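Chain residues, written in single-letter form:
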Amino acid sequence: QQQVKQSPQSLIVQKGGISIINCAYENTAFDYFPWYQQFPGKGPALLIAIRPDVSEKKEGRFTISFNKSAKQFSLHIMDSQPGDSATYFCAAGGGSQGNLIFGKGTKLSVKP
Amino acid sequence: KAGVTQTPRYLIKTRGQQVTLSCSPISGHRSVSWYQQTPGQGLQFLFEYFSETQRNKGNFPGRFSGRQFSNSRSEMNVSTLELGDSALYLCASSLLTATQETQYFGPGTRLLVL
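Our subject in this report is the structure included herewith. (Residues numbered from 1 in each chain as written. Chains lettered and ligands numbered in written order. Predicted model: local features only at pLDDT ≥ 70, side-chain atom pairs only at ≥ 80, totals over all residues. Heavy atoms only, no water.)

**Regarding the overall build of chain A**
Test applied: Helix and strand labels come from DSSP, where a helix needs a run of H or I of at least four residues and a strand needs a run of E of at least two; each type is numbered from the N terminus. The quantity called the radius of gyration is restricted to C-alpha atoms. Its globule counterpart is 2.2 Å times the number of residues to the power 0.38. A simple rule labels every residue: compare its accessible area, found with a 1.4 Å probe on the protein chains alone, to the largest value its type can have, and call it buried under 20%, exposed over 50%, or partly exposed in between. Should any heavy atoms of two residues lie within 4.5 Å, those residues are considered in contact. All accessible areas in this document rest on Shrake-Rupley with a 1.4 Å probe, and a residue is counted as covered only by the protein chains that are shown. Only four residue types enter the tally: Lys and Arg on the positive side, Asp and Glu on the negative side, with His and both chain ends excluded. A charge is said to be at NZ when it belongs to Lys, at CZ for Arg, at CG for Asp and at CD for Glu.
Tallying secondary structure elements over chain A gives zero helices and 11 strands in all. For chain A, the N- to C-terminal ordering of α and β elements is β-β-β-β-β-β-β-β-β-β-β. Relative to its length of 112 residues, chain A is compact, with a C-alpha radius of gyration of 13 Å against a globular reference of 13 Å. Projecting the C-alpha coordinates of chain A onto the three principal axes gives extents of approximately 40 × 30 × 20 Å. Buried residues in chain A amount to 45% of all 112 residues. Counting contacts in chain A only where the partners sit at least 6 residues apart, residues at least 24 apart contribute 53% of the total. Within the structure as shown, chain A displays about 5300 Å² of accessible surface, and the carbon and sulfur contribution to it stands at 50%. Of the side chains in chain A, 12 bear a positive and 7 a negative charge, and the two mean positions are spaced by 7 Å.

**A word on the state of the cysteines**
Residue and element names in this part refer to chain A. Heads up, the rule is: Disulfide assignment relies on a single distance test, namely cysteine sulfur atoms paired within 2.5 Å.
Under the definition given, this model contains two disulfides over all chains. The residue that forms a disulfide with Cys23 is Cys90, at a sulfur-sulfur distance of 1.8 Å. Of note, the bridge from Cys23 to Cys90 carries an S-S torsion of about -90 degrees and is left-handed in sense. Here Cys23, found in strand β3 (residues 19–25), pairs with Cys90, found in strand β9 (residues 86–93); they are 67 residues apart in sequence, far enough to count as distant.

**Side note on a nonpolar patch on the surface**
We apply this condition: For patch building, the residue pool is restricted to those with more than 30% relative accessible area and no salt bridge; the joining distance is 9 Å between like charges and 5 Å between nonpolar side chains (Val, Leu, Ile, Met, Phe, Trp, Tyr). When a carboxyl oxygen of Asp or Glu lies within 4 Å of a side-chain nitrogen of Lys or Arg, that pair is called a salt bridge.
Residues Ile18, Ile20 and Met78 of chain A make up a contiguous nonpolar surface patch of about 240 Å² in total accessible area. By secondary structure assignment, the location of Ile18 of chain A is in the loop between β2 (10–14) and β3.

**Quick notes on the packing of aromatic side chains**
The geometry of two aromatic rings is summed up by the distance between their centres and the angle between their planes. To be explicit about the condition: Stacked, tilted and edge-to-face are the three classes assigned to paired rings of Phe, Tyr and Trp, where Trp is represented by its six-membered ring and a pair needs centres within 6.5 Å; plane angles under 30 degrees give stacked, over 60 edge-to-face, the rest tilted.
Scanning the model with the defined rule gives 14 aromatic pairs over all chains in all. Pairing Tyr35 of chain B with Phe105 of chain B gives two aromatic rings, centres 5.4 Å apart and planes at 40 degrees, and the pair type is tilted. Here Tyr35 of chain B is found in strand β4 (residues 31–38), whereas its partner Phe105 of chain B is found in strand β10 (residues 101–105), with 70 residues between them in sequence. Judged by its relative accessible area of 0%, Tyr35 of chain B falls in the buried class. Each member of the aromatic cluster is reached from another via a ring pair, and the members are Tyr25, Phe30, Phe33, Trp35, Phe66 and Phe73 of chain A.

Shown next as structure tokens:
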């Protein structure tokens with residue numbers, strides 16, 4: 001009930017391509033779905049987050065798609081750049097920003 | 001605006017000892033959360049504090065405890081350290097208003113238990 005499953009574990013994309021990372025959750029009480037970007041030696045950084053009342057949210061090159069009935073959400077990175085190479089984590093939680101269950105992470109490499 | 005500060009950045013302890021880690025949130029942020037990050041288990045939620053009250057707690061043993069002070073600074077304590085407690089401990093401060101959701105992580109404290 002408390003798991004968040006993230007796929008793929010690793011992803012290689014060419015510069016300019018679209019990176020897609022998927023997550024699935026189990027607990028229907030979750031109402032907050034953020035994505036984080038983490039570079040080696042740094043703490044995670046909140047990229048974008050969505051609530052269940054919308055199916056899509058876009059911020060710059062980053063888009064979250066949310067499917068409430070399927071209990072799935074995904075991150076799309078458009079026009080991927082080498083500087084986007086990092087580990088990406090999805091998370092899900094309910095009631096506050098702090099109490100989150102994280103996916104295992106996706107290591108993204110964008111090749112020039 | 002200064003970011004989230006965590007001290008110390010690195011720490012080496014031996015089994016059975018205790019450790020206290022500190023987190024200073026961004027000014028104006030009243031919510032502080034703590035996470036443990038390991039290669040095997042990934043990122044796991046420890047606890048969350050808001051206005052000096054523990055609001056949520058993750059699935060960790062009682063050896064892990066925390067508190068928040070009136071200036072929103074937070075500390076976490078781990079007693080009777082075990083080898084498996086070796087990890088990166090991350091603190092995040094959050095601000096949630098009707099129009100804005102922001103959250104910032106600190107750089108973490110890397111704890112090695114020998």
